[in-house]
Amino acid sequence: MANIYVTRKIPEAGISLLKEAGHDVDISDKDGVLTKEELIKALKEKEYDAVLCLLTDKIDTEIYEAAGNAKIFANYAVGYGNLDMDEAKKRGITVTNTPGVLTDTVSEYAMALILAVVKRIPEGDKFTKELRYDGWAPELLLGSDLKGKTLGVLGAGRIGSSVAIRAKRGFEMNIVYYDIKPNKILEGEIEAEYKDSVDEVLKIADVVTIHVPLLDSTRHLINKERLAMMKPTAYLINTSRGPVVDEKALVEALNNGIIHGAGLDVFEDEPNLAHGLPELTNAVITPHIASATRETRGKMSEIAATNIIDFLDGKEPPNKV
Ligand code: NAD
């Protein structure tokens, strides 16, 4: 039997797996993210052998120190930019994530954000509920079509490819993409066209959708200069990680007609928003819910638990990063 600490309440499926495997599970009962001090205090209360943490927990040296016995941190997310990976490596700590199960869910959501902003659905919803609709009009809330337009995908991994396939097959869009490594399968399957650089994608895409991980090399991948390369009629969609986009520069670009619209599920300094962003009618913004379906959040909980169970059994966990 091992002691496991879970930093916030997650769907029961994974917790049940941990208990069925005979482990002792403590779950934070705070309705929100633990502060660093609270997390350190909680981790020092017992000799924990494993920690199940969330993307909202910043896991650094002091946290690893407080959980001195824990040789596995199972992150309840596909991204793992919230953990200090160099420090984990130094300490021989295994980090796992929950990839794969989110792919369809997040790519459906990216499509939903594209449609929401391009077809102006939130604006139309607000307008109608405010009882401002006084009859059909030829130029009321004009949006754009997707058919025949170009979708630019930045990062054609699991989610990026899945969005590309949906946009091509479901909406008859042309696909161009940039990734540090070309995706030949995607090219064969939907005739996606590889471009040599981010800039080449930005210059020709009508909708740009971002699916790179947050790394030093992708921080502010989209900045003021790159926004200026986009078509004034183009839309930018971000369901990856907030800091990939310079949010202040994006607000400026949206205000000044440098680009036409944006759909954002992630923000640079969550849960804070850049000054001026909430007031923009040409930005659809949602609270990091791209993977938030009952099905997927349940499966993520099971995967995070399985990673811990296998590790504690002396096996290689399936999703070691
Ligand atoms: P993945 O690893 O399958 O794909 C990422 C792709 O980005 C890879 O093909 C990689 O080669 C490419 N890449 C890396 N650095 C690059 C660079 N500098 N330029 C261009 N391409 C680069 O990951 P995934 O499962 O598709 O997830 C992508 C990201 O989506 C995750 O890292 C995570 O941060 C984010 N995500 C967000 C949510 C949400 O709720 N909004 C949910 C799940 C995942």
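Residues numbered from 1 in each chain as written. Predicted model: local features only at pLDDT ≥ 70, side-chain atom pairs only at ≥ 80, totals over all residues. Heavy atoms only, no water.

**A few points about the overall build of the protein chain**
Next, step 1: Along the backbone of the protein chain there are twelve helices and twelve strands.
Next, step 2: Taken against the 2.2 N^0.38 rule, which gives 20 Å for 321 residues, the C-alpha radius of gyration of the protein chain at 21 Å falls within 12% of a compact globule.
Next, step 3: For the protein chain, the C-alpha atoms occupy an extent of roughly 65 × 50 × 35 Å along the three principal directions.
Next, step 4: Here the protein chain, with 321 residues, has 49% of them falling under the buried criterion.
Next, step 5: Within the protein chain, counting contacts between residues at least 6 apart in sequence, those at least 24 apart form 60% of the total.
Next, step 6: Of the accessible surface of the protein chain, which amounts to about 16,000 Å², a share of 51% is contributed by carbon and sulfur atoms.
Next, step 7: On the protein chain, the mean spot of the 39 positive side-chain charges and the mean spot of the 51 negative ones are 2 Å from each other. (Helix = DSSP H or I, 4+ residues; strand = E, 2+ residues; numbered from the N terminus. Rg over C-alpha atoms; globule rule 2.2 N^0.38 Å. Buried < 20%, exposed > 50% of the residue type's maximum accessible area, 1.4 Å probe, protein only. Contact = heavy atoms within 4.5 Å. Areas by Shrake-Rupley, 256 points an atom, 1.4 Å probe, with all protein chains shown as cover. Lys, Arg positive; Asp, Glu negative; His and termini not counted. Charge placed at Lys NZ, Arg CZ, Asp CG, Glu CD.)

**Quick word on the nonpolar core**
Next, step 1: Ranked by size, the top nonpolar core spans 46 residues in total, and within it L18, L52, I114, L151, I175, V207 and I308 carry the most contacts.
Next, step 2: Sort the elements by how many residues they give to this core and helix 5 (residues 103-118) lands first, with nine residues.
Next, step 3: Both domains that meet at this core, namely domain 1 (3-99 + 294-312) and domain 2 (103-285), each give it at least three residues.
Next, step 4: Look past the residues within four positions of L52 in its chain and what remains in contact with it is Y5, V6, T7, I10, L18, A74, Y76, A304, A305 and I308.
Next, step 5: Formed by 30 residues, the second largest nonpolar core is a distinct cluster that contains V176, V201, L221 and A234. (Core = buried A, V, L, I, M, F, W, Y, C linked by side-chain atoms within 4.5 Å. Domains from an automatic or database assignment.)

**Quick word on the packing of helix 5 against helix 7 (residues 158-171)**
Next, step 1: Closest axis-to-axis distance for the helix 5/helix 7 pair is 8 Å, and the angle between their directions is 55°. With respect to each other, helix 5 and helix 7 are oriented oblique. Between helix 5 and helix 7 the crossing geometry is right-handed. Taking contact as the criterion, the partners of T103, D104, V106, S107, E108, A110, M111 and L115 in helix 5 are, on helix 7, R158, I159, S162, V163, R166, A167 and F171.
Next, step 2: Taken together, the residues that form the contact of helix 5 with helix 7 break down as eight nonpolar, three polar and four charged. (Axes fitted to C-alpha atoms, helices over the stretch in contact; angles between N-to-C directions. Parallel < 35°, antiparallel > 145°, perpendicular 65-115°, else oblique. Left-handed = near helix turned anticlockwise from the far one by under 90°. Nonpolar A, V, L, I, M, F, W, Y, C, P; charged D, E, K, R; others polar.)

**A closer look at the pattern of salt bridges**
Next, step 1: Counted according to the given criterion, the structure contains 22 salt bridges.
Next, step 2: For K46, the salt bridge goes to D26, with nearest N and O atoms at 2.9 Å. On the criterion of sequence distance, the pair formed by K46 in the loop between helix 2 (36-44) and strand 3 (50-53) and D26 in strand 2 (residues 24-27) is long-range, its members being 20 residues apart.
Next, step 3: The class for D26 is partly exposed, based on a relative accessible area of 22%.
Next, step 4: Taking the shortest distance from any N to any O, the salt bridge between D60 and K36 comes out at 2.7 Å. Of this pair, D60 sits in the loop between strand 3 and helix 3 (61-66) while K36 sits in helix 2, placing them 24 residues apart in sequence. (Salt bridge = Lys/Arg side-chain N within 4 Å of Asp/Glu carboxyl O.)

**A short note on the sheet that holds strand 5 (residues 94-96)**
Next, step 1: Spatially, the five strands line up as an open sheet ordered 2-1-3-4-5, and their pairing is parallel. Each of the sheet's edge strands pairs with one partner strand only, and the pair in question is strand 2 and strand 5. Ignoring strand direction, the axes of neighbouring strands in this sheet form an average angle of 20°.
Next, step 2: Inspection of the sheet shows strand 1 (residues 3-6) paired to strand 3 by three bridges, in the parallel sense. Across the sheet, V6 pairs through a bridge with L52, a residue of strand 3.
Next, step 3: Sheet contacts for helix 1 (residues 12-20): strand 1, strand 2 and strand 3; angle to strand 2, the most-contacted strand, approximately 150°. (Pairing = 2+ DSSP bridges.)

**Details of the site of the ligand**
Next, step 1: With respect to spatial proximity, 26 residues lie near the ligand, and among them V78, R158, I159, D179 and T239 are the closest.
Next, step 2: A distance of 2.9 Å separates an oxygen atom of the ligand from a polar atom in the backbone of R158.
Next, step 3: The side chain of D265 places a nitrogen or oxygen atom 3.1 Å from a nitrogen atom of the ligand.
Next, step 4: A total of 860 Å² of accessible area belongs to the ligand in isolation, and the protein chains cover 90% of it.
Next, step 5: Across the shell around the ligand, the residue classes break down as twelve nonpolar, nine polar and five charged. (Near = heavy atom within 4 Å. Polar contact = N/O pair within 3.5 Å; in protein donor to acceptor, adjacent residues only side chain to side chain.)

**With respect to the side chain of D246**
Next, step 1: For D246, the position within the fold is in the loop between strand 10 (235-238) and helix 11 (247-255).
Next, step 2: No salt bridge is formed by the buried D246. Its closest oppositely charged neighbour is K248, at 6.8 Å.
Next, step 3: Separated by 3.2 Å, the side chain of D246 and the backbone nitrogen of K248 make a polar contact.
Next, step 4: What D246 contacts, discounting residues up to four positions off in sequence, is H220, I222, N223 and E268.

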